[in-house]
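# What the coordinates show
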Amino acid sequence: MASDETKESVQTMRAISQEDLGGPDVLREVDLPRPEPGPGEILVRVRAAGVNPTDWKHRRTGMFLGEPPFVLGWDVSGVVEHVGYGVTLFSPGDEVFGMVPYPFGVGTHAEFVKGPARAFTRKPSEVDHVQAGAIPLAALTAWQALVDTADISDGDRVLVHAAAGGVGHLAVQIAKARGAHVIGTASSPKHEFVRSLGADEVIDYRHTDFAEAVTNVDAVLESIGGADQVTRSVRTLRDGGVLVSLLPVDTQEAIDEASRRGVRIAQMLVEDDHQGMRSVAALVARGALRATIAETFPLAEAARAHEAGETGHTTGKLVLTVE
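Residues numbered from 1 in each chain as written. Predicted model: local features only at pLDDT ≥ 70, side-chain atom pairs only at ≥ 80, totals over all residues. Heavy atoms only, no water.

## A look at the overall build of the protein
As a reminder of what qualifies: A run of DSSP states H or I qualifies as a helix once it reaches four residues; a run of E qualifies as a strand once it reaches two. Both are numbered from the N-terminal end. Just to be clear, the radius of gyration here is over C-alpha atoms, and the globule rule we use is 2.2 Å times residues to the power 0.38. Any two residues whose heavy atoms approach within 4.5 Å at even a single point are treated as in contact. The Shrake-Rupley method, run with a 1.4 Å probe, gives the accessible areas here. Residue values count only the displayed protein chains as cover. Within this scheme the basic residues Lys and Arg register as positive and the acidic residues Asp and Glu register as negative, but His and the chain ends are omitted. Here the site of a charge means atom NZ of a Lys, CZ of an Arg, CG of an Asp or CD of a Glu.
In terms of helices and strands, the protein carries 11 helices and 16 strands. Since a compact globule built from 323 residues should have a radius of gyration of about 20 Å, the 20 Å found for the protein is in line with a globular shape. Summarising its shape, the C-alpha atoms of the protein cover approximately 70 × 40 × 35 Å along the three principal directions. For the protein, long-range pairs separated by at least 24 residues make up 66% of all intrachain contacts whose partners lie at least 6 apart in sequence. In the structure as shown, the protein presents an accessible area of about 13,900 Å², 47% of it carried by carbon and sulfur atoms. Distance between charge centres in the protein, computed from 30 positive and 45 negative side chains, equals 4 Å.

## What to know about the pairing of strand S15 (residues 293–298)
Where we set the bar: Pairing between strands requires that DSSP locate at least two bridges from one strand to the other. A clockwise path from the first strand over the helix to the second, with the strands pointing away from the viewer, defines a right-handed crossover.
Of the strand pairs in this sheet, S15 and strand S16 (residues 317–321) are connected by 5 bridges, and their pairing is parallel. Directly across from glutamate 295, in S16, lies its bridge partner leucine 318. Note on the crossover from S15 through helix H11 (residues 302–309) to S16: the handedness is right-handed.

## Observations concerning the sheet that holds strand S4 (residues 70–71)
Strand order in this open sheet of 3 strands is S2-S1-S4, and the pairing throughout is antiparallel. Across the chains shown, the open sheet's two edge strands, defined by having one partner strand only, are strand S2 (27–33) and S4. Of the pairings in the sheet, the one linking strand S1 (residues 12–18) to S2 comprises 7 bridges and is antiparallel in character. Each bridged residue has a counterpart across the sheet, and for glutamine 18 the counterpart in S2 is leucine 27.

## Section: the packing of aromatic side chains
Under the convention used in this document: Any two of the Phe, Tyr and Trp rings considered here, Trp counted by its six-membered ring, make a pair once their centres fall within 6.5 Å; the pair's planes then place it as stacked at under 30 degrees, edge-to-face at over 60, or tilted in between. Relative accessibility under 20% of the residue-type maximum defines a buried residue, over 50% an exposed one, and the middle range a partly exposed one, all with a 1.4 Å probe and only protein chains included.
Considering all chains together, one arrives at 2 aromatic pairs under this definition. Between the aromatic rings of phenylalanine 64 and tyrosine 102, the centroid separation amounts to 6.1 Å while the plane-to-plane angle is 85 degrees, which identifies the pairing as edge-to-face. Here phenylalanine 64 is found in the loop between helix H2 (53–61) and S4, whereas its partner tyrosine 102 is found in the loop between strand S6 (95–99) and strand S7 (112–116), with 38 residues between them in sequence. A residue is classified by how much of its surface remains accessible, and phenylalanine 64, at 38% relative accessible area, is partly exposed. Judged by its relative accessible area of 12%, tyrosine 102 is buried. On the numbers, 4.9 Å between centres and 50 degrees between planes, the contact of tryptophan 74 with tyrosine 102 is tilted. Residue tryptophan 74 is located in the loop between S4 and strand S5 (75–83), and its partner tyrosine 102 is located in the loop between S6 and S7; the two are separated by 28 residues in the primary sequence. Like tryptophan 74, the residue tyrosine 102 is buried in the burial classification.

Here you go:
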C-alpha cells in the first residue's frame, strides 16, 4: 500500500468525468491524478476546450470509448506545462492548440491533458484561447474532408450541408480560402450568417429540395446522414465528383448511383494531424478562418454546455473555459 507521503505527492486536477452513460446529468466534476507526458508527448494546461457533437454522442452511448468512467473532449488550447523525452517542437510556457488523437486520445475537459507533441501547433497570437479552443476538431474535419480527401481547388463548386454548424461554418471558410464557389444549406434565419462567412449561395433546406436547386458540384461535405439525404446529395454531383460523409453511408441506392456515375463516396473519421493544424493555424493567423462562438461555459458547467449543444440550434461552437 502506498504511504501517506506518496499519496500526498500525487498531483491532482479537476476534470469532468462520468460513471454511467446517459444524459448531461451524468457529468460530474471530480479530482483525478494529473497525467504525466511520456516520450514524444507534452502536458498542456488547458485554457479552453471545444465541445462537439461527438462529446454528447460518447456521453450517451460510449461509442468508440466503451463503458465509463472517462473524461471527454478532444479540442484544446492552452499552455505547455511539461514536455516528455525527445520533444523538440515545444518548451514549457509555449501557447499551443490542437486535437488529441481521435477517438482514443480523449480528455481535454480537464485542467490538464497530455498528447503527442505533433498533435499540436503554436496558437496564433492573433486569437485568444477561447477562439483557438473552438477550432481544432471541426477545422481539421473540414480540412481533411475538403482538402485532403476532395482536393478542392480554385473554381470548384462545393456543397456544404449544415453550413451554420460547428464543422460547416469552418468548412465554408476553408473552401473559400481555396478559391471554391461555395453553396451552403441552412435554415432561413441563418442565411445572413452563412453568407457572412463567404458562401456564394445559401439554400433553405426546409423549403427547397437542394437536389433540384444544386447541380454539377465537384464536392459535397455531408454531415446530416440518412439514406434520402445521401442519395440526393449524390445527385448534385458532377460525374466523377466526390461526396465526403462524416457519417456511415449504408444506403444501396446512393452507392449504386455513385458507382454508375463514377462518383466517389468517402466516409471520413477525423485524425490528429500536425501538418493540418499548421495549415489551419496559418488561415487563422491571416484572418481567413475564425470560429463563431455560440456560448462559453466554465469547466464545472460542462453539463449545461451539453444541454445547449443537444438542442441542435446553436450557431457555431460551444467552449469550456478553465481558470
